[in-house]
Amino acid sequence: MVWALSLLTSATGLCPSRQTEHPAPWITPAAGPEWPPPRGRDSAIAQSESDSTSGPMSDSTSGPTSAAATAVNEREDRLAEPGRLISSRWRPRSLRTTPSRQDRGLFGHPRGLPWMLNVEMWERFSYYGMRAILLYFITDTVARGGLGLSETSGQVVIALYGMAVYFLAIPGGIFADRIIGPWLSTLYGGVVIMAGHICLTIPSTVTSWTGIVLVAVGTGFIKPNLTTIVGGLYDDDDIRRDAGFQLFYMSINVGAFASPLLTGWLREHYGYHAGFSSAAVGMAFALGAFIYGRHKLSAFAFTVPSPIRPQERRRLLLGSLGVLVAVGAVVVALKAITGNLVTTVATAGLLVPVGAAVAYFVVMFRSPKVSAPERAHLRAYIPLWIGAVLFFMITEQAAGKMATFADSNTDLRLPLFGWSITAEAYQSVNPAAIVILAPLIGMLFTRRAGRFPSTIMKFVIAVLIVGLSALMLGYGFQIWPGGEHLSPWWFLALVYVIQTVAELFLTPVGLATTTALAPKSFASQAMGLWWLSVATGQGVAGFVIAQTEDASDATYYYGLGVATLLMALVLFAVAPWTQRQMADVEVAAQD
């Protein structure tokens, strides 16, 4: 599998020979799911890398054969030019090519920004609304409109679903970068998501599973590209860029906050398919805004930054087929060994992102373009990456184990007028806490700039906090096992808030550290490596859930908490060494 992934990495332009100085524009940093991306428009349009080819075709011979061959070569060169605009009926006749500072609309920002804010808000509404009720739908009885899987199987599916979303964002970004550009990739991803939600509204087992797969695939295409389009609205020197992404980040959390409340209410009063219908409506609004607002975007949105060359297509095809065959062979072998479908799927869901991460690291370590100091940086990054895996292993179970605690172990009655909340409402706590706490923690980091906590110590603190939250959940499952023994309504909300604090410590510096320690020849792959930590964390969670089916939830969380706290101690122990390895690199936005 590593060989196939390495071949695919080379074929898709992620090898150092293709992109050595200019990150691919689809590589976008993330705080939580999204964060302002590095500016790639100018480099995508201006950078032109020529392959050194030689042979008979380069000779200045005359004749019709030579002329025809020359014409074909010229046409292929034009199609492979960096910054080539797509040829599509969806591309507007006129696009903004002037400096971004001349484009002013609502609040003084580019005219395309309000439309992209609408797109992101409704797309996140769609995603988080569907995710909020997905576990309950999978594990509920068929008579009540569910799929009738066991609780463990449902939690494994949720973990693998999250793994697939982040893992598929990597090929989704590659597809945009090399073939059709970010706008078309986002459009196609939105259509696939819409189709998935529609499938989920149909009360059928086949259409339900089809819908889940479609939503995962479609989200993989939207996640890397919509943020890139917003980044393309601003030039590198445009001082409005940070403020624009603050608005964009706010739109994410508005959608993520509102959707669990609505879909939970619809599920409670009208059933699961009504909840999925609201997600479909949200995606329809997103697509409408995306199509209507395309006339106000810059030319970058319709640009293929690094078009695939004809000689690379065969390698891309072979690499893709090699990965699929390798994954299929692993699944067949695991099924023969274990004889259990859930264990097989969970194990495959772990091996795929781990295999991809190993391929990334192996290619980097073995590359002749990576210097000795850069290899030292990579060695320093490995424990940090493992710490991030454990972090996301716990926090990304908001729609899995934590949703189970909300539904089965929590007293949902509020001490106000006899009101009650839905179990899904707890998934709105994180975006609400982000909106409230992000400015406060940002002010803290600004005032403490250059002092404790350093970038590495923020990493350590985040892993430590999330480990403590896991111990809290273990205590909650132990003291309030359900039935007549239910936790007070505020306990789980407190856990969400604590995890949000950890998230605000880790995610802004996580990518900064990743980018700082990645070799310059592989700078464009920093986001891919970061996404793989999220995907691997959820793959680990699914695997552990499958292996601990007979253990109690309290034991499960106690085990995760202890493992994460031990990792925090390891990170603390290696922090001085890691800091020394980073002494010769600059970490943008570290404090």
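As the structure is a prediction and not an experimental result, all values here were calculated from the model. (Residues numbered from 1 in each chain as written. Predicted model: local features only at pLDDT ≥ 70, side-chain atom pairs only at ≥ 80, totals over all residues. Heavy atoms only, no water.)

### Regarding the overall build of the protein
Rules: Here a strand is any run of E in DSSP of at least two residues, a helix any run of H or I of at least four, and the numbering for each starts at the N terminus. For this analysis, residues touch if any pair of their heavy atoms sits within 4.5 Å. With residues, only the protein chains shown are counted as cover, and all accessible areas are computed by Shrake-Rupley using a 1.4 Å probe.
Along the protein, the regular secondary structure elements total 17 helices and two strands. The long-range fraction of contacts in the protein, counting pairs at least 24 apart against all pairs at least 6 apart in sequence, stands at 83%. Of the roughly 24500 Å² of accessible surface on the protein, a fraction of 65% belongs to carbon and sulfur atoms.

### Things to note about helix α16 (residues 526-547)
Our working rule: Take the residue count of a helix, subtract one, and multiply by 1.5 Å to get its expected span. Three labels apply to residues, based on accessible area from a 1.4 Å probe with only protein chains included: buried if under 20% of the type maximum, exposed if over 50%, partly exposed otherwise in between.
Compared with the 32 Å implied by 1.5 Å per residue over 22 residues, the 32 Å span of α16 between its first and last C-alpha is a close match. Within α16, 19 of the 22 residues are buried, leaving the element largely enclosed by the surrounding structure.

### Let's talk about the environment of Leu 565
Along the polypeptide, Leu 565 turns up in helix α17 (residues 553-581). Judged by its relative accessible area of 19%, Leu 565 falls in the buried class. Linking Leu 565 and Leu 390, residues 175 residues apart in sequence, is a C-alpha distance of 9.7 Å. If sequence neighbours within four positions are ignored, Leu 565 has contacts with Leu 464, Gly 467, Leu 468 and Leu 471.

### So, the pattern of salt bridges
Counted only if it meets this: Between Lys or Arg on one side and Asp or Glu on the other, a salt bridge is scored when a side-chain nitrogen of the former is within 4 Å of a carboxyl oxygen of the latter.
The full count for this structure, using the stated rule, is eight salt bridges. For Arg 267, the salt bridge identified is with Glu 424, shortest N-O distance 2.7 Å. Of this pair, Arg 267 sits in helix α7 (residues 241-270) while Glu 424 sits in the loop between α12 (401-408) and α13 (429-447), and the two are 157 residues apart along the sequence. When sorted by exposure, Arg 267 lands in the same class as Glu 424, which is buried.

### What about the side chain of Asp 140?
For clarity, the cut-off: In protein, a polar contact means a hydrogen-donor-capable atom and an acceptor-capable atom, both N or O and within 3.5 Å, with residues adjacent in sequence counting only if both atoms are side-chain atoms; elsewhere, any N or O pair within 3.5 Å suffices.
Turning to its location among the elements, Asp 140 is positioned in the loop between α4 (113-139) and α5 (151-200). Residue classification places Asp 140 among the buried residues on the basis of a relative accessible area of 11%. A polar contact is formed between the side chain of Asp 140 and the side chain of Tyr 272, at a distance of 2.6 Å. When neighbours within four sequence positions are excluded, Asp 140 is seen to be in contact with Gly 146, Leu 147, Gly 148 and Tyr 272.

### Some points on the nonpolar core
To keep it simple, the criterion reads: Grouping buried Ala, Val, Leu, Ile, Met, Phe, Trp, Tyr and Cys residues that are joined through side-chain atoms within 4.5 Å yields what is termed a nonpolar core.
Core analysis: the biggest nonpolar cluster contains 113 residues, and Met 130, Leu 134, Tyr 161, Phe 459 and Trp 530 have the highest contact counts within it. The element contributing the most residues to this core is α5, with 14 residues. Leu 113, Leu 187, Phe 245 and Met 283 belong to the second largest nonpolar core, which has 30 residues in total.

### Side note on the packing of aromatic side chains
Short version of the rule: Geometry of aromatic contacts follows a simple scheme: Phe, Tyr and Trp rings, the Trp one being its six-membered ring, pair when their centres are within 6.5 Å, and the pair is stacked under 30 degrees between planes, edge-to-face over 60, tilted otherwise.
Within the structure shown, the criterion is met by 24 aromatic pairs. Arranged with centres 5.9 Å apart and planes meeting at 85 degrees, the rings of Phe 245 and Phe 248 form a pair that is edge-to-face. Within this pair, Phe 245 and its partner Phe 248 are both found in helix α7, separated by three residues, close to a single helical turn. Here Phe 248 falls in the buried class, since its relative accessible area comes to 1%. Between Tyr 475 and Trp 480 the ring centres are 6.1 Å apart and the planes differ by 85 degrees, which places this aromatic pair in the edge-to-face class. Using a relative accessible area of 42% as the deciding quantity, one classes Tyr 475 as partly exposed. The class of Trp 480 is buried, set by a relative accessible area of 16%. A network of ring pairs unites the aromatic residues Phe 405, Tyr 475, Phe 477, Trp 480, Trp 490, Phe 491, Tyr 556 and Tyr 557 as a single cluster.

### Some thoughts on the packing of helix α14 (residues 455-479) against α17
Keep this limit in mind: Angles run from 0 to 180 degrees between N-to-C directions of axes, and those axes are lines fitted to C-alpha atoms, restricted for helices to the stretch in contact. Throughout this description, any angle smaller than 35 degrees is read as roughly parallel, any larger than 145 degrees as roughly antiparallel, any in the 65 to 115 degree range as roughly perpendicular, and the remainder as oblique. Helix crossings fall into two classes, left-handed where the near helix is turned counterclockwise from the far one by less than a right angle and right-handed where it is turned clockwise. Note on residue categories: nonpolar means Ala, Val, Leu, Ile, Met, Phe, Trp, Tyr, Cys or Pro, charged means Asp, Glu, Lys or Arg, and polar means any other residue, Gly included.
Here α14 crosses α17 at 165 degrees, and the two axes come no closer than 8 Å. In terms of orientation, α14 and α17 fall into the roughly antiparallel class. The two elements α14 and α17 cross, and the hand of that crossing is left-handed. Here the residues of the contact of α14 with α17 are counted per class, giving 23 nonpolar, seven polar and one charged.

### Thoughts on the packing of α5 against helix α8 (residues 272-292)
Direction vectors running N to C along α5 and α8 enclose 160 degrees, while the axes themselves pass 8 Å from each other. When the axis of α5 is compared with that of α8, the two are roughly antiparallel. As α5 packs across α8, the resulting crossing turns out to be left-handed. Contact residues: Trp 183, Thr 186, Leu 187, Gly 190, Val 191, Ile 193, Met 194, His 197 and Leu 200 in α5; His 273, Phe 276, Ala 279, Ala 280, Met 283, Ala 284, Leu 287, Phe 290 and Ile 291 in α8. Of the residues that constitute the contact of α5 with α8, the class distribution is 14 nonpolar, four polar and no charged.

### Some details on helix α9 (residues 310-338)
The terminal C-alpha atoms of α9, which comprises 29 residues, lie 43 Å apart, in line with the 42 Å expected from a rise of 1.5 Å per residue. Within α9, burial applies to Glu 312, Leu 316, Gly 319, Gly 322, Val 323, Ala 326 and Leu 334.

### Considerations on the environment of Ile 158
With respect to the helices and strands, the residue Ile 158 is situated in helix α5. Judged by its relative accessible area of 6%, Ile 158 falls in the buried class. Sequence spacing of Ile 158 and Leu 134 is 24 residues, and the spatial spacing of their C-alpha atoms is 7.7 Å. Once residues lying within four places of it in the same chain are set aside, the contact partners of Ile 158 are Leu 134, Leu 135, Ile 138, Ala 399 and Gly 400.

### Looking at a nonpolar patch on the surface
Rule in force here: Nonpolar side chains (Val, Leu, Ile, Met, Phe, Trp, Tyr) are joined into patches within 5 Å and like charges within 9 Å, using only residues with over 30% relative accessible area and no salt bridge.
A cluster of nonpolar residues, Met 250, Val 254, Val 435 and Ile 436, forms a patch on the protein surface that exposes about 330 Å² of accessible area. Secondary-structure elements contributing two or more residues to the nonpolar patch are α7 and α13. Structurally, Met 250 can be placed in helix α7. Judged by its relative accessible area of 39%, Met 250 falls in the partly exposed class.

### Regarding the confidence of the model for the protein
Operational definition: As a per-residue measure, pLDDT tells how confident the predictor is, with possible values from 0 to 100.
Chain-level statistics for the protein give a pLDDT mean of 82 and a share of 83% at 70 or above. Considering each helix and strand of the protein separately, the mean pLDDT is smallest for helix α2 (residues 41-46), with a value of 36, and largest for α12, with 96. The low-confidence segment residues 2-65, where pLDDT is below 50, has 164 contacts with residues more than four positions distant or belonging to other chains.

### A look at the environment of Gly 232
By the element assignment, Gly 232 lies in the loop between α6 (205-231) and α7. For the pair Gly 232 and Ala 301, spaced 69 residues apart in sequence, the C-alpha separation works out to 6.6 Å.

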